[in-house]
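Close look at the chain arrangement
Next come the chains, spelled out residue by residue.
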Amino acid sequence: MTVSDHFRLRDRHILLGVTGGIAAYKTAELARLLVRAGADVQVVMTEAAGIFIGGSTFQAITGRPVRRSLFDPAHEAAMGHIELARWAELILVAPASADFLARLHAGLADDLLSTLCLASEAPLAVAPAMNRNMWRHPATAANVEALRVRGVRVWGPAEGEQACGDQGPGRLLEPAELLVRVGEWLGQGSLIGRKAVVTAGPTREPLDPVRFLGNRSSGKMGYAVAEALVREGADVILVSGPVSLDVPSGVRRVSVETALAMREAVLDAVTGVDLFVACAAVADYRPRQIVDQKIKKTEETLRLELVRNPDILREVAALPDRPFCVGFAAETDALAVHAEAKRKAKGIDMIAANLVGGGEGFETDDNALLVLWEGGWLELPRQQKTRLAEQLVSVIAESMDAQATIEDPR
Ligand code: PMT
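Residues numbered from 1 in each chain as written. Predicted model: local features only at pLDDT ≥ 70, side-chain atom pairs only at ≥ 80, totals over all residues. Heavy atoms only, no water.

1. Things to note about the pairing of strand 6 (residues 158–161)
- Note that strand 6 and strand 7 (residues 167–171) share four bridges and pair antiparallel. Across the sheet, the residue bridging to E161 is Q167, located in strand 7.
- Hairpin geometry of strand 6 and strand 7 is characterised by an intervening segment of five residues between the two adjacent antiparallel strands and by a positive phi of about 95° at G165. (Pairing = 2+ DSSP bridges. Helix = DSSP H or I, 4+ residues; strand = E, 2+ residues; numbered from the N terminus.)

2. What to know about the state of the cysteines
- Under the definition given, this model contains zero disulfides.
- Just so you know, C279 is unpaired, no disulfide at all, and the nearest cysteine sulfur is the one on C325, 14 Å from it.
- According to the relative accessible area criterion, C279 is buried, its value standing at 13%. (Disulfide = S-S within 2.5 Å. Buried < 20%, exposed > 50% of the residue type's maximum accessible area, 1.4 Å probe, protein only.)

3. Structural notes on the packing of helix 7 (residues 98–106) against helix 10 (residues 138–149)
- One can describe the packing of helix 7 onto helix 10 by two numbers: an axis separation of 9 Å at closest approach and a directional angle of 50°. Taken as axis vectors, helix 7 and helix 10 run oblique relative to one another. Here helix 7 runs over helix 10; the crossing is left-handed. The segment helix 7 lies against helix 10, with A98, L101, A102, L104 and H105 engaging T140, N143, V144, A146 and L147.
- Considered class by class, the residues forming the contact of helix 7 with helix 10 number seven nonpolar, three polar and no charged. (Axes fitted to C-alpha atoms, helices over the stretch in contact; angles between N-to-C directions. Parallel < 35°, antiparallel > 145°, perpendicular 65-115°, else oblique. Left-handed = near helix turned anticlockwise from the far one by under 90°. Contact = heavy atoms within 4.5 Å. Nonpolar A, V, L, I, M, F, W, Y, C, P; charged D, E, K, R; others polar.)

4. A closer look at the sheet that holds strand 2 (residues 40–45)
- As summarised here, the arrangement of the five strands in space is 2-1-3-4-5, forming an open sheet in which the pairing is parallel. At either end of the open sheet lies a strand with only one pairing partner, and these are strand 2 and strand 5 (153–154).
- Alignment of strand 1 (residues 13–18) against strand 2, held across six bridges, turns out to be parallel. In the sheet register, H13 faces strand 2, and the bridge partner there is D40.

5. Quick word on the pattern of salt bridges
- The final tally for this structure, using the stated rule, is 27 salt bridges.
- Between R103 and D99 there is a salt bridge whose closest N-O contact spans 3.2 Å. Of the two residues, R103 and D99 both sit in helix 7, four residues apart, roughly one turn of that helix.
- A residue is classified by how much of its surface remains accessible, and R103, at 13% relative accessible area, is buried. (Salt bridge = Lys/Arg side-chain N within 4 Å of Asp/Glu carboxyl O.)

6. Points about the site of the ligand
- Around the ligand, the surrounding shell holds 27 residues, and the nearest of these are S217, S218, A278, K342 and N354.
- Contact between the ligand and A280: an oxygen atom at 2.7 Å from a main-chain N or O atom of the residue.
- Between I312 and the ligand, the recorded distance is 3.1 Å, taken from a backbone N or O atom to a nitrogen atom.
- Burial of the ligand by the protein amounts to 95% of the accessible area it has alone, namely 780 Å².
- The cavity that encloses the ligand is the largest pocket.
- Partitioned by chemical class, the residues of the shell around the ligand number 14 nonpolar, six polar and seven charged. (Near = heavy atom within 4 Å. Polar contact = N/O pair within 3.5 Å; in protein donor to acceptor, adjacent residues only side chain to side chain. Areas by Shrake-Rupley, 256 points an atom, 1.4 Å probe, with all protein chains shown as cover. 1 Å grid on protein atoms, 1.4 Å probe; cavity = no way out; pocket = protein on both sides within 12 Å on 5 of 7 lines; lining within 4 Å. Sits in = over half its atoms within 2 Å of the grid points.)

7. Describing the nonpolar core
- Grouped together as the largest cluster of nonpolar side chains are 36 residues, with contacts concentrated most on V225 and L229.
- Listing elements by their share of this core, those giving two or more residues are strand 8 (195–200), helix 12 (220–231), strand 11 (235–240), strand 13 (275–278), strand 16 (324–331), strand 17 (350–355), strand 18 (366–373) and helix 16 (385–407).
- Sequence-distant contacts of L229, defined by excluding residues within four places in its chain, comprise L191, A196, V198, A234, V236, L275, V277 and V393.
- Formed by 34 residues, the second largest nonpolar core is a distinct cluster that contains L16, F58, L173 and L178. (Core = buried A, V, L, I, M, F, W, Y, C linked by side-chain atoms within 4.5 Å.)

8. Thoughts on the domain arrangement of the chain
- For the chain, the assigned domains are domain 1 (3–186) and domain 2 (195–407).
- Distance from the C-alpha centre of domain 1 to the C-alpha centre of domain 2: 35 Å.
- Domain 1 puts ten residues into the contact, and the matching count from domain 2 is ten residues.
- Of the roughly 860 Å² buried at the junction of domain 1 and domain 2 (both faces included), carbon and sulfur atoms supply 40%.
- A per-residue breakdown of the area domain 1 buries against domain 2 is headed by R148, V149 and R153, which together make up 51% of the total.
- The tally of links from domain 1 across to domain 2 stands at one salt bridge. (Domains from an automatic or database assignment. Buried area = accessible area lost by both parts, 1.4 Å probe.)

9. A closer look at the layout of surface pockets
- The volume enclosed by the largest pocket comes to roughly 960 Å³.
- In this structure, the largest pocket is lined by 41 residues; those nearest its centre are A280, A281, V282, D284 and F328.
- Sorting the residues of the lining of the largest pocket by element identifies helix 12, strand 13, helix 14 (312–317), strand 16 and helix 15 (335–346) as the ones contributing at least two each.
- For the lining of the largest pocket, the per-class residue count stands at 20 nonpolar, twelve polar and nine charged.
- Approximately 690 Å³ is the volume found for the second largest pocket.
- E121, A122, P123, L124 and G151 are, among the 31 residues lining the second largest pocket, the residues nearest its centre. (Points joined across faces, edges and corners; volume = space filled by probe spheres on them.)

See the structure below:
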């Protein structure tokens, strides 16, 4: 079986944007693979793309005339740009030049492709390709980061030898790799069409303008869960405490600092979602008072008065139309007993328990989980958090399906 046979892209509408870059010739091969996988592909080229590749190549491969102009009377009379924006199930821009990424970030709509990216509700992916110095330039890095935060998927670039002779990041991902990404996104996925909110990282509870109470959560576990959910096709909002991790491709991140801000962001995001995964290490208490000036060391001892923070997970689980709720339990002993007690006390569907302290759980790249739900449990052995998250997400997807079957037995 070939890569393209493998994916079920039959009749899926893919709008393939091509911008100016030497790698544009590879997009012809990508178009061919997509068509072979059954997809209906409409190519939209920018003016600069036309310097690198002819539209007739794409027309021959896709069987559709290439679209280039916003004001083409022939097309605006038939499938105008707004219809084209509605037609697309996925927009993939490959190669995406530095200039196009900047224009996309700025929200410009001065040609057909940028207008479609603004006008369409379809998910958007970009496969950057450019010289390594352009890719590493702070302006490009800031544009890409901002696009990621907006939920744009950024596929690549790959490292290697560049057309200009330089070595480094900036090569377009190979067409077969891009096909796999499209297939993962559109063709498979146990959570396609589901919406999820995930919390990750620590919270910081300020004491004065420079100090806070915090914890050791790095966000790695929660970010891995968000990424695994996206890979299964879910639409994910990640409410994150302060961490130094990049936003996973395709995830929308809302950054917060305190438990109260995390609660507010979660309650804003959670309406109408199917799944809530609480992986954040939320501070249980916050200082009663935040002092305006830096606290001076005049006394030998200092007393802090702390007040309880709201329990975000418990609150979401108590909502009338609540999503499927998954909590984490960080325990130092009697993992199963404490975790099951927490699952019941918070009224949630599932809990993923991990041992913490002594170099386990927090900050590390690997972890092990004991997953508990009503009437079942599963041990996921120690492994990379990314792999572990994939397994957890598949257990969650199965449980959500099982719950839906019980609720609607037809
Ligand atoms: O971020 P890493 O460095 O990768 O580390 C991962 C992790 C150890 C932080 C993660 O795997 C984990 O265990 N997260 C939950 C940590 C925690 O706060 O556990 P808890 O047992 O105190 O809380 C139970 C559950 O209630 C958690 O889902 C928590 O998000 C939620 N909670 C807790 C308090 C609160 N005020 N609101 C909440 O929603």
